[in-house]
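Analysis of the macromolecular model
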Amino acid sequence: MEPETKPTESPLFDDLRELQPEEGADRLAKAIDAPPVEDVESFESDAAAIDLLADRRVGDPILDHIPLACLETLAVRCLKNLEDGVPGSNQSTWRLLDVLRRSTLMCRIVEAGAVDGWSERILELVESSHFTFAALFEQRAQGYGERVLFRVPSNGTSRSISWRQVAGRVDLIARGLLALTAETGDRPFAILSNNCLEMALVDLACLTSGIVNIMVPATASETDVAFILEHANVGGLFVSDNEQFQKVVKVRDRLPDLGPIVALDPTLAGARGVMAFEQLLTRSSEISAETLAERKEAQQIEDLATVMYTSGTTGSPKGICFTHRNIVFNRFARALALPEIGEDDRL
């Protein structure tokens, strides 16, 4: 990933912030349709336009009025800048992608009957800029900050965890995992877990750090667990509780190459061959933040990110492979399929 670049400042676009949305959209459209002749000035002008639209307070009202053709023009020029290797073009493209996912704009695209065309264009932007899951998650965490990402039920109430808190915890887990991969080789880690916060954090840590994770269905039998762990050649395993751990214990002799078993439940910490989750976190000190950043930057859009196995009800479990392209573009495809659902909606 490229280093974060500062938003481009433009006196012209600063003036637009004080206008009514209709007038601001009209003037911005004219500026996009008539870019400066020089390539550098064109890039700076386009970057400033994208930064204006990325500002939710000003950009969202303008998105209600600006012609879709102008956004198409910005997208095409972003692709040209990426092809030419213009410095800062990745970050500018990622900000445009953040704009394009807005619910109000997605609704306009659907109403215009332009879903297929925009799906192809968005996929081009994702692929050409290598908008990996790590880049996507970092963008969301920086943008949302203290907004709540998870609410965890606890004793009849719930505990709120912000994007900022999750991002910090995810990086800590990722560094601990990278310390383990130095011993197990760069093999996948499997997750055999009931639904819980720690499972989600481990999943995010793998996806952002380039460690392929293998999602094992929590309902899998011990026979299927053994098949999946052997078939995927996993280097280590996370288990959520004793129920899941016992499935592994029963087939452990069939898995001579299985590395550490990390227990999310602290009560399992004393079991033979089990590493406590907190012990994994302490190993994060072995991997610097810079090393993790380099790992994120090295990821490519076509890299394998995760493998999800079926439950095996119709035979042996089947692994479904997902690249970063699959995971990231799926977010946009879902937004186009359900454009009325925005970021303020909650499950």
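Quick summary incoming for the structure in this document. (Residues numbered from 1 in each chain as written. Predicted model: local features only at pLDDT ≥ 70, side-chain atom pairs only at ≥ 80, totals over all residues. Heavy atoms only, no water.)

A few words now on the overall build of the protein chain. Check the secondary structure of the protein chain and you find 16 helices and nine strands. Here the protein chain holds 347 residues, and 50% of them are scored as buried. Expressed as a percentage of contacts within the protein chain between residues at least 6 apart in sequence, the contacts between residues at least 24 apart total 71%. Working note: accessible area of the protein chain is about 16700 Å², and carbon and sulfur atoms make up 51% of it. Each charge sign in the protein chain was given a centre, from 34 positive and 54 negative side chains, and these centres are 6 Å apart. (Helix = DSSP H or I, 4+ residues; strand = E, 2+ residues; numbered from the N terminus. Buried < 20%, exposed > 50% of the residue type's maximum accessible area, 1.4 Å probe, protein only. Contact = heavy atoms within 4.5 Å. Areas by Shrake-Rupley, 256 points an atom, 1.4 Å probe, with all protein chains shown as cover. Lys, Arg positive; Asp, Glu negative; His and termini not counted. Charge placed at Lys NZ, Arg CZ, Asp CG, Glu CD.)

Attention shifts here to the pattern of salt bridges. Within the structure shown, the criterion is met by 19 salt bridges. One salt bridge in this structure joins D60 and R102, with 2.9 Å as the shortest N-O distance. Here R102 lies in the loop between α6 (89–100) and α7 (103–111) and D60 lies in helix α4 (residues 56–63), a separation of 42 residues in the sequence. Classification of R102 as buried rests on a relative accessible area of 2%. The salt bridge involving E183 is made with R283; its shortest N-O contact spans 2.6 Å. One end of the pair, E183, is in helix α10 (residues 163–184); the other, R283, is in the loop between α14 (277–282) and α15 (289–298), and 100 residues separate them in sequence. Classification of R283 as buried rests on a relative accessible area of 15%. Within the structure, one salt-bridge network assembled from shared partners comprises R56, D60, D98, R101, R102 and R140. (Salt bridge = Lys/Arg side-chain N within 4 Å of Asp/Glu carboxyl O.)

We now examine the packing of aromatic side chains. Within the structure shown, the criterion is met by five aromatic pairs. Taking the centre distance of 6.3 Å and the plane angle of 15° together, the rings of F133 and F137 count as stacked. Residue F133 and its partner F137 are both found in helix α9 (residues 133–144); the two are separated by four residues, about one turn of the helix. On the basis of relative accessibility, which here comes to 5%, the residue F133 falls in the buried class. Owing to a relative accessible area of 9%, F137 belongs among the buried residues under this scheme. A ring pair is formed by Y144 and W163, whose centres lie 5.2 Å apart and whose planes are at 55°; its orientation type is tilted. One end of the pair, Y144, is in helix α9; the other, W163, is in helix α10, and 19 residues separate them in sequence. As far as the burial class goes, Y144 and W163 line up, both buried. An aromatic cluster is built from F133, F137, Y144 and W163, whose rings are joined through pairwise contacts. (Phe/Tyr/Trp six-rings, centres within 6.5 Å; stacked < 30°, edge-to-face > 60°.)

On to the packing of helix α12 (residues 222–231) against helix α13 (residues 242–251), then. Where α12 contacts α13, the axes come no closer than 9 Å and their chain directions differ by 70°. Classified by the interaxial angle, the pair formed by α12 and α13 is roughly perpendicular. Contacts between α12 and α13 involve E222, V225 and A226 on the former and, on the latter, K247, V248, K250 and V251. Within the contact of α12 with α13, the residues separate by chemical class into four nonpolar, no polar and three charged. (Axes fitted to C-alpha atoms, helices over the stretch in contact; angles between N-to-C directions. Parallel < 35°, antiparallel > 145°, perpendicular 65-115°, else oblique. Nonpolar A, V, L, I, M, F, W, Y, C, P; charged D, E, K, R; others polar.)

This next bit is on the nonpolar core. Across soluble globular proteins, you tend to see nonpolar side chains buried next to one another. Counting residues in each nonpolar core, the largest one holds 84 residues, and the members touching the most others are L28, I66 and F238. Looking at which element gives the most residues to this core, the answer is α10, with 10 residues. For L28, the contacting residues outside a window of four places in its chain are F13, L16, A49, L52, L53, I62 and I66. (Core = buried A, V, L, I, M, F, W, Y, C linked by side-chain atoms within 4.5 Å.)

This part covers helix α16 (residues 324–337). A turn of α-helix holds 3.6 residues, and therefore any two residues three or four places apart point the same way. Over its 14 residues, α16 runs 20 Å from end to end, which matches the ideal 20 Å to within 8%, given 1.5 Å per residue. Its maximal kink placed at N330, α16 deviates by approximately 30°. Those residues of α16 not exposed but buried are H324, I327, V328, F329, F332, A335 and L336. (Expected span 1.5 Å × (residues − 1). Bend = angle between axes of the 7 residues up to and from the residue.)

This brings us to the packing of α6 against helix α8 (residues 115–128). When two helices pack together, their arrangement is given by the angle between the helix axes and the distance between those axes. With their axes 10 Å apart at the nearest point, α6 and α8 run at an angle of 150° to one another. Viewed along their axes, α6 and α8 adopt a mutual orientation that is roughly antiparallel. In the packing of α6 onto α8, the handedness of the crossing is left-handed. On α8, the residues touching T93, L96, L97 and L100 of α6 are W118, I122, L125 and V126. (Left-handed = near helix turned anticlockwise from the far one by under 90°.)

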